[in-house]
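# Structural description and commentary
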Amino acid sequence: MSTQKLLLVAGARPNFMKVAPIYWAIDRGGRGRFQVELVHTGQHYDASMSDGFFRDLGLPEPDVNLGVGSASHAEQTARVMVGFEEVLLARRPDAVIVVGDVNSTAACALVATKIDYGAARGAHAPSCRTRPLLVHVEAGLRSRDRGMPEEINRIVTDAISDLLLTTCRDAAANLVAEGVLREKIRFVGNPMIDSLRRCLPEADRSSVLADLGLGEGAFGLCTLHRPANVDRRETLAEILRALGELAAEVPILLPLHPRTRARIAEFGLDDRLGEAGRAPAGASVRRSGVVAVAPLSYLEMLKAMKEARFVLTDSGGVQEETTALGVPCVTLRDSTERPVTVEEGTNVLAAIGRREIAEALAAARRKALAARMPALWDGAAGPRIVEALEEALSPRLESARTRAA
Ligand code: UD1
């Protein structure tokens, strides 16, 4: 059987821990059958948001970096599309694998389904394939909040994917309700948990907490970056006020996403963070208060999540990671696309406010005592994804697909 070429796409911080297990599984078991290349769109580019994650996850340098950088949604999406079209025409992969729900995910998905290898060459394509198979990992998550840019990216990507790989059981029903054929959907489990399990022993050796003067189990951890929470002055000020009040009892470690740091400066809210908030990176040793630091590396973040007394977040991935670690989590949003973390895990949604957060924290602590690991969050999603790829790219299914096209 000839080798088939796969392009694995990552663009932003939460993508890297999802592509890594697929890369490892192909590297370990799929070599010979598959040749894999990594495409980084460059949506995230700071070392602390990108390169450090490649290092922590043992990923090689990307084969291609489109270097698109930051811009408006339209411009960023367009830049990724233009760059990725060139990559596809030059490399002609058999499959494109996109993960998650960031702008790069939807942009590359759109290009992969519309490209025509044959027409673009002005000649017959060398194989019967005229475009790559489009595979979406983490398909079917829905917050039902179309005000979130990620929800639009999820809907668009799922509507046009050929193979939809899901991380939790509820995702398939969302897809079927939107008209996706059942035979395109496969429940493979959560690759983020593969990364977590593989990297936890090394993360445990991280000195990040000692360096910050934080004791294990003696601090809360908070991550914030959703536009709905940080792009409006009143909302951000309210969240920081609630954090300040909570932090009077227990220190709260706040790694600042670049978007959040920029908004805090723009809105003149630096004083809400105390001294550490004004430091460009690093933090002072404190017994209470908000300890604002630069973004943590993947390993440092795992260590901080594992040892935190509780986590406050508006991230999607952190909701899953805290459930896997059994750590109480309060999500500062009114919806989640990851209901399994609420139904089976340690997650509770909360409105912004000192009282609301305190009540949700108490509920999350109770939940953590009875939480269970969601199905197929077992560290073996990567190999199952490769199995699904082998099946979807088998010559039998390929020729059936070509006949149907
Ligand atoms: C993006 C994703 C979001 C994901 C988040 C994780 C979309 C629509 N949003 O949001 O789903 O949860 O990443 O971090 O794709 N910036 C830097 N350095 C970087 C990257 C960004 O300074 O390496 C700054 C820029 O000022 C940029 C801002 O952060 O304008 C926002 O970055 P962007 O990628 O547009 O969105 P995120 O908020 O990071």
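Because the structure is a prediction, the values reported are computed rather than measured.

With that out of the way, let us pick up the overall build of the protein. From N to C terminus, the protein includes 19 helices and 13 strands. In summary, the protein has a C-alpha radius of gyration of 21 Å against a globular reference of 22 Å for 405 residues, a match within 12%. C-alpha extents for the protein along the principal axes are approximately 70 × 40 × 40 Å. Within the protein, the proportion of its 405 residues that are buried is 57%. Within the protein, contacts between residues at least 6 apart in sequence are counted, and of these 70% link residues at least 24 apart.

On to the side chain of threonine 323, then. Counting through the fold element by element, threonine 323 comes out in helix H15 (residues 316-325). Non-local contacts of threonine 323, meaning those with residues more than four positions away in its chain, are made with Thr341, Gly345, Thr346, Asn347, Arg372, Pro374 and Trp377.

Looking now at the sheet that holds strand S12 (residues 329-331). Spatial strand order, S10-S9-S8-S11-S12-S13: 6 strands in an open sheet with parallel pairing. In this open sheet, the two edge strands, each paired with only one partner strand, are strand S10 (290-293) and strand S13 (347-349). When strand polarity is set aside, the average angle formed by the axes of neighbouring strands in this sheet is 20°. Against the sheet, helix H17 (residues 354-370) touches strand S11 (310-313), S12 and S13, its axis set at about 155° to S13.

Along helix H12 (residues 258-266), the residues that are buried comprise Thr260, Arg263 and Ile264. Buried residues of H12, viewed axially, fall in a sector of 100°; they line one side. Glycine 268, located one to two residues past H12, shows a positive phi value of around 65°.

Tracing the sequence through the fold places glutamine 4 in strand S1 (residues 4-10). Reaching out from glutamine 4, the side chain makes a polar contact with the backbone oxygen of leucine 393 at a distance of 3.1 Å. Dropping the residues within four chain positions of it, glutamine 4 is found in contact with Arg33, Phe34, Gln35, Asp94 and Leu393.

On to the site of the ligand, then. Neighbouring residues of the ligand: 18 residues in total, closest Gln43, His44, Glu150, His225 and Arg259. One nitrogen or oxygen atom from the main chain of tyrosine 45 is found 2.9 Å from an oxygen atom belonging to the ligand. Interatomic distance of 3.0 Å between a side-chain N/O atom of histidine 257 and an oxygen atom of the ligand. When the ligand sits alone it has 740 Å² of accessible area, and the protein chains cover 85% of it. Counting atoms within 2 Å of the grid points, the majority share of the ligand lands in the largest pocket. Those elements giving two or more residues to the shell around the ligand turn out to be helix H3 (73-91), helix H6 (149-160) and H12. Tallied by class, the residues present in the shell around the ligand amount to 6 nonpolar, 8 polar and 4 charged. The two domains that each donate at least three residues to the shell around the ligand are domain 1 (4-190 + 378-404) and domain 2 (202-370).

Below, the discussion takes up the environment of aspartate 46. Mapped onto the fold, aspartate 46 is located in the loop between strand S2 (34-40) and helix H2 (51-56). A C-alpha to C-alpha distance of 9.5 Å links aspartate 46 and glycine 69, two positions 23 residues apart in sequence. The residues contacting aspartate 46, other than those within four sequence positions of it, are Asp51 and Pro258.

Counting 66 residues, the largest nonpolar core has Leu6, Leu57, Leu221, Leu253 and Tyr298 as its most contacted members. Looking at which element gives the most residues to this core, the answer is helix H1 (residues 13-30), with 9 residues. Taken domain by domain, this core gets at least three of its residues from each of domain 1 (4-190 + 378-404) and domain 2 (202-370). Beyond its immediate stretch of four places on either side in the chain, leucine 57 contacts Phe16, Met17, Ala20, Trp24, Ser195, Cys199 and Tyr298.

Right, let's get into the pattern of salt bridges. Throughout the structure, instances matching the rule amount to 33 salt bridges. In this structure, glutamate 337 engages arginine 333 in a salt bridge whose closest nitrogen and oxygen atoms are separated by 2.6 Å. In this structure glutamate 337 comes out as buried when scored by relative accessible area, which is 1%. The class for arginine 333 is buried, based on a relative accessible area of 10%. Glutamate 337 serves as the salt-bridge partner of arginine 338, at 2.6 Å between the closest nitrogen and oxygen. Residues arginine 338 and glutamate 337 agree in their burial class; the two are buried. If you follow the salt bridges from partner to partner, you end up with Lys18, Asp101, Glu138, Glu151, Arg154, Glu320, Arg333, Glu337 and Arg338 in one network.

What follows is about the packing of helix H11 (residues 233-246) against H17. At a closest axis distance of 9 Å, the pairing of H11 and H17 adopts a crossing angle of 60°. The angle between the axes of H11 and H17 places the two elements in the oblique class. Considering the relative orientation of H11 and H17, their crossing is right-handed. Contact residues: Ala242, Glu245 and Leu246 in H11; Arg354, Ile357 and Leu361 in H17. Looking at the contact of H11 with H17 residue by residue, the classes come out as 4 nonpolar, no polar and 2 charged.

Okay, the confidence of the model for the protein next. Mean pLDDT for the protein: 92, with 91% of residues reaching 70 or above. The low-confidence segment residues 275-285, where pLDDT is below 50, has 25 contacts with residues more than four positions distant or belonging to other chains.

Calculation criteria
Here the residue numbers are simple positions, counted from 1 along each chain's written sequence. Under the rules for a predicted model, residues below a pLDDT of 70 receive no local features and side-chain atom pairs below 80 are neither given nor counted, while totals for whole chains, interfaces and linings still include all residues. Heavy atoms throughout the structure, all of them, feed into the side-chain values; hydrogens and water do not. Runs of H or I in DSSP of at least four residues are treated as helices and runs of E of at least two as strands, each being numbered from the N terminus. Throughout, the radius of gyration refers to the C-alpha atoms, and the reference size of a globule is 2.2 Å times the residue count to the power 0.38. Categorising residues by exposure relies on relative accessible area from a 1.4 Å probe, with only protein chains included: less than 20% of the type maximum marks a residue as buried, more than 50% marks it as exposed, and the intermediate range marks it as partly exposed. Pairs of residues are marked as contacts when any of their non-hydrogen atoms sit within 4.5 Å. Note: two strands are recorded as paired if DSSP finds a minimum of 2 bridges between them. All axes here are fitted lines through C-alpha atoms, helices being fitted over the stretch that makes contact, and every angle between N-to-C directions spans 0 to 180 degrees. Directions are taken from the helix axis to each C-beta atom, and the arc is the one they span. Side-chain atoms alone can form a polar contact between residues adjacent in sequence; in general such a contact is a pair of N or O atoms within 3.5 Å, and within protein one must be able to donate a hydrogen while the other accepts it. Near is defined per residue: the residue qualifies when any heavy atom it owns lies within 4 Å of the molecule or strand. Per-residue and other accessible areas follow the Shrake-Rupley method at a 1.4 Å probe size, with only the shown protein chains counted as cover for residues. A cavity here means a set of points on a 1 Å grid, drawn over the protein atoms and nothing else, where a 1.4 Å probe fits but cannot get out; a pocket is an open set with protein on both sides within 12 Å along at least five of seven lines, and a residue lines either one if it has an atom within 4 Å of a point. Placement in a cavity or pocket follows one criterion, namely that more than half of the molecule's atoms lie within 2 Å of its grid points. Gly is put with the polar residues, along with every residue not named as nonpolar or charged; the nonpolar set is Ala, Val, Leu, Ile, Met, Phe, Trp, Tyr, Cys and Pro, and the charged set is Asp, Glu, Lys and Arg. Domain borders in the structure are assigned automatically or taken from a domain database. Here, nonpolar core means buried Ala, Val, Leu, Ile, Met, Phe, Trp, Tyr and Cys residues that are tied together by side-chain atoms lying within 4.5 Å of each other. Salt bridges are identified by distance alone: a Lys or Arg side-chain nitrogen within 4 Å of an Asp or Glu carboxyl oxygen. By the definition adopted for this analysis, an angle is roughly parallel if under 35 degrees, roughly antiparallel if over 145, roughly perpendicular if from 65 to 115, and oblique otherwise. Here a crossing is taken to be left-handed if its near helix is turned anticlockwise relative to the far helix by less than a right angle, and right-handed if that turn runs clockwise. The quantity known as pLDDT measures the predictor's confidence residue by residue, on a range of 0 to 100.

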